Amino acid sequence: MSLFIIRRLFAGALTLLAVIGLTTFLMRLMPGNPFSKDRKIPPAIEKNLMARYKLDGPPLRQYADYLKDIAKGDLRLSTQYRNRSVNEIIGQTLPVSLALGATAFVLSLSLGIALGSMAAVRHHTWSDQTCMFLAVLSISIPNFVIAPLLALVFAMEWRLLPVAGWGGVEYLVLPAVCLALPYAAYVARLMRTSLLEVLQQDFVRTARAKGMAEWRVVCKHALKVALLPVVSFAGPLAANLLTGSLVIEEIFKVPGIGAFFVNSVLNRDYFLTNGVVIVYSTLLISFNLTVDILYTFLDRRIRLS
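What counts, and at which threshold
Residues numbered from 1 in each chain as written. Predicted model: local features only at pLDDT ≥ 70, side-chain atom pairs only at ≥ 80, totals over all residues. Heavy atoms only, no water. Helix = DSSP H or I, 4+ residues; strand = E, 2+ residues; numbered from the N terminus. Buried < 20%, exposed > 50% of the residue type's maximum accessible area, 1.4 Å probe, protein only. Contact = heavy atoms within 4.5 Å. Areas by Shrake-Rupley, 256 points an atom, 1.4 Å probe, with all protein chains shown as cover. Core = buried A, V, L, I, M, F, W, Y, C linked by side-chain atoms within 4.5 Å. Axes fitted to C-alpha atoms, helices over the stretch in contact; angles between N-to-C directions. Left-handed = near helix turned anticlockwise from the far one by under 90°. Nonpolar A, V, L, I, M, F, W, Y, C, P; charged D, E, K, R; others polar. Expected span 1.5 Å × (residues − 1). Arc of directions from axis to C-beta. Polar contact = N/O pair within 3.5 Å; in protein donor to acceptor, adjacent residues only side chain to side chain. pLDDT = per-residue confidence, 0-100. Patch = residues over 30% accessible without salt bridge, like charges linked within 9 Å, V, L, I, M, F, W, Y side chains within 5 Å. Salt bridge = Lys/Arg side-chain N within 4 Å of Asp/Glu carboxyl O. Phe/Tyr/Trp six-rings, centres within 6.5 Å; stacked < 30°, edge-to-face > 60°.

Some remarks on the overall build of the protein
A count of helical and extended segments in the protein gives twelve helices and zero strands. With the C-alpha coordinates aligned to their principal axes, the bounding extent of the protein is approximately 85 × 55 × 30 Å. Residues classed as buried in the protein amount to 41% of the 305 residues present. Restricting to contacts in the protein with at least 6 residues of sequence separation, those with at least 24 account for 74%. Only carbon and sulfur atoms are counted for the fraction: they give 67% of the accessible area of the protein, which is about 16500 Å².

In C-alpha cells form, the structure reads like this:
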C-alpha cells in the first residue's frame, strides 16, 4: 500500500502542476490585463504595476517564477483586492466554506444512506416510493428555489433561525440543509440501487440461510459492500462541498470563498483564481486518494497495487 500511495502522490503532484499551467494559460487568453478593466491608465503606471505583481517579462519566465513562489507557499498578491495577499484571502474565507461544506457533507451522506437503505430494504412498499419521490423532488428543485422557501418558513415565519449572516451554529443550519439536499438525493438513489444488487448476492443468501436476523444481514454483511459506490461518489462530493457554493453563500450572505473565486475570474485576478483552483484541486486529489484507501477497509477482496 505504501508504494501505491507514493505513486498516487507523485501522480497527484503532476496533475496539480498541469492544472496550474492550464489555468494560468487560460486566464492569460482573456483580453486585457488585471489593470485595464476600470479605466485607461498611463503606460508608465501600468508598467510599474505589472512589475510589482511580477507580470512583466517573457511568459515562460513568469510561469517559472510563479511555480517557485508556490513551492514556498506564497500565492502572491491579489490584483483586485489591493494590498491583500491570496494567502490572506483564502485563509479568511476557506474556513467558512469548509465549515459549511463539512456540515452539508455529513448531512448529505447520513440522510442519503439512511433513505437509500430504507428504500432498498422495503423495496416496492410505500416507504420505498416515498423515499424515491423525495429524492427526485430534491434533485428537481434548484437550490436558489429551496433556499428562499426555507428562509421564509423557518426564519421569517417561525423565527427559529436567522435569515442570513455568519456567526454561531444556528447560522449554519439553513445554508447547510439547502446545500445538502440535492446531494443527499443522489446518495439515496445510489445507495438504493447498490444495496438492492448486494442483497441478491450469494453471501447474503448464505447469511439468511444460517438463520441470521434480517437487520444483521443488512448491517453486518450487505451494507458495507453496498457503500462502495457511495464512497466513490463521496470523494468528489467532499471536494465540491468543502469549497463552498456560490449560490448558497450569496443567498445567505455567507463570507465564503465562492464569491471571491467568481469575482477573481470576472476581474482577471490571475493569482486569486489560481490560488482557489490550487486549493480545490488539492482537496479533490486528496479525497480521491482517501477513497481508494477506504476501499480496502470496506471490501477485503480489493488490494491496492
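What about the nonpolar core?
Counting 38 residues, the largest nonpolar core has L100, C178, L195, I248 and F252 as its most contacted members. Elements supplying a minimum of two residues to this core: α4 (86-121), α6 (143-157), α7 (170-198), α8 (202-209) and α9 (214-242). At eleven residues, α7 tops the list of elements feeding residues into this core. Once residues within four sequence positions are removed from consideration, L195 is found in contact with S117, A120, V121, V218, A222, L223 and A226.

Some words on the packing of α4 against helix α5 (residues 126-140)
The contact between α4 and α5 brings their axes to 7 Å, and the two run at 145 degrees. The handedness of the crossing between α4 and α5 comes out as left-handed. Taken together, the residues of α5 that come into contact with α4 (itself represented by L115, M118 and A119) are S127, D128, C131 and M132. Of the residues in the contact of α4 with α5, the class split is five nonpolar, one polar and one charged.

Quick notes on α5
When the terminal C-alpha atoms of α5 are compared, their 21 Å separation across 15 residues agrees well with the 21 Å that a helix rising 1.5 Å per residue should span. Along α5, the residues that are buried comprise S127, D128, C131, M132, A135 and S138. Projection of α5 onto a plane perpendicular to its axis shows the buried side chains occupying an angular sector of 125 degrees, all on one side. Projecting away from the buried face of α5 at angles above 90 degrees are the exposed residues W126, Q129, F133 and S140. Lining the buried residues of α5 we find α4, α6 and α7.

Side note on the packing of α6 against α7
Taken N-terminus to C-terminus, the directions of α6 and α7 make an angle of 140 degrees; their axes are 10 Å apart at the nearest point. In terms of crossing hand, the pair formed by α6 and α7 is right-handed. On α7, the residues that touch N143, I146, A147, L150, A151, F154 and A155 of α6 are L174, V177, C178, L181 and P182. Across the contact of α6 with α7, the residue classes break down as eleven nonpolar, one polar and no charged.

A word on the side chain of S264
As for its position among the elements, S264 is in helix α11 (residues 258-266). A polar atom in the side chain of S264 sits 2.9 Å from the side chain of T273. Residues within four places of S264 in sequence aside, it is in contact with M27, Q80, D269, L272 and T273.

Some words on the environment of T130
Looking at where T130 falls in the secondary structure, it is placed in helix α5. Residue T130 is classed as partly exposed on the basis of its relative accessible area of 36%. Sequence separation between T130 and S264 is 134 residues, and the spatial gap between their C-alpha atoms is 43 Å.

Comments concerning the confidence of the model for the protein
Confidence in the prediction for the protein averages 88 pLDDT; 95% of positions are at 70 or higher. Element-level mean pLDDT values for the protein span from 84 in helix α2 (residues 43-52) up to 94 in α7.

Here's the deal with a nonpolar patch on the surface
There is a patch of nonpolar side chains on the surface, built from L152, V153, M156, W158, L160 and V163 and spanning about 580 Å² of accessible area. Structurally, the position occupied by V163 is in the loop between α6 and α7. Given a relative accessible area of 42%, V163 falls into the partly exposed group.

Points about the packing of aromatic side chains
Any two aromatic rings considered together are summarised by their centre-to-centre distance and by the angle between their planes. What the rule picks out here adds up to four aromatic pairs. With a centroid separation of 5.3 Å and 85 degrees between ring planes, the pair formed by F154 and W158 is classed as edge-to-face. Among the residues examined, W158 registers a relative accessible area of 54% and is labelled exposed. For the ring pair Y186 and F233, a centre distance of 6.5 Å and an interplane angle of 50 degrees mean the geometry is tilted. In this pair, Y186 sits in helix α7 while F233 sits in helix α9, placing the two residues 47 residues apart along the sequence. According to the relative accessible area criterion, Y186 is partly exposed, its value standing at 42%.

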